[in-house]
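Coordinate inspection notes
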Amino acid sequence: IQIIETTDHEAVRELVQLEGKVDLIIPRGGEALIKAVSEQARVPVIKHYKGVCHVYVDESANMEMALKVVENAKCQRPGVCNAMETLLIHEKVAFEFLPKLSTRFREIGVELKGDSAAMSIVPEMKQATEDDWYAEYLDLILAVRVVPSAKAAIEHINKYGSRHSDAIIAESENVQKIFLREV
């Protein structure tokens, strides 16, 4: 296993064509890079095109930990394919969680786009559209949906997600197991 750290396009093109010398390429980066590598490669490529990644905060979650995890998942490196693009929050904890998240994200400069339930809790959120649920923002923008259950969160992820990186924050082992099995 070797990591090639150059971003020079010509070097990448040459690397992906080294039949007999390179066994496999796993490109990491934006959709344009991955498509270019896939089109130019003469060696096997493991790829994905989008990272529409979700975090679900269950009613059983530790709220303090959830705030820290959600901030990190969106803000540490928002331009990478495994950054959180959609937050799903259980309706039983949304009234406690979303105002705190909104205050913190306003300080950082994260734009929130919510469904009607999220906007009823944090009215300054912009209205999310259907396209927002499919969006890979790669920026400090977050879609937020309030859900009635873990099952609804799973259904949302399975409909809109890219099967890249999704997470659950929950203390309930039963909910964790269901999430891992069904997402």
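Structure first, text after, so check above.
Sequence order as written defines the numbering, with residues in each chain counted from 1. Where local features are concerned, this predicted model is filtered to residues with pLDDT of at least 70; where side-chain atom pairs are given and counted, the filter is 80 or more; whole-chain, interface and lining totals use all residues. Side-chain figures throughout are based on the complete set of non-hydrogen atoms in the structure, without hydrogens or water.

1. Concerning the state of the cysteines
In what follows, a disulfide is any cysteine sulfur pair within 2.5 Å. Taken as a whole and judged by the stated rule, the model has zero disulfides. The structure places no disulfide on Cys75, whose sulfur is separated from the nearest cysteine sulfur, that of Cys53, by 15 Å. Sulfur of Cys81: no disulfide; nearest cysteine sulfur belongs to Cys53 and is 6.9 Å away.

2. Here we look at the packing of helix α7 (residues 150–160) against helix α8 (residues 173–182)
With their axes 10 Å apart at the nearest point, α7 and α8 run at an angle of 20° to one another. The orientation of α7 relative to α8 falls into the category roughly parallel. Seen from above, α7 lies across α8 with right-handed handedness. Of the residues in α8, those touching α7 at Ala150, Lys151, Ile154, Ile157 and Asn158 are Val175, Ile178, Phe179 and Glu182. Working convention: axes come from line fits to C-alpha atoms, limited for helices to the stretch in contact. Angles between N-to-C directions cover 0 to 180 degrees. Each helix corresponds to a stretch of at least 4 residues labelled H or I by DSSP, and each strand to a stretch of at least 2 residues labelled E; elements are numbered beginning at the N terminus. For this classification, under 35 degrees means roughly parallel, over 145 means roughly antiparallel, 65 to 115 means roughly perpendicular, and everything else is oblique. Two helices that cross are described as forming a left-handed crossing if the nearer one is turned anticlockwise from the farther one by less than a right angle, and a right-handed crossing if clockwise. Any two residues whose heavy atoms approach within 4.5 Å at even a single point are treated as in contact.

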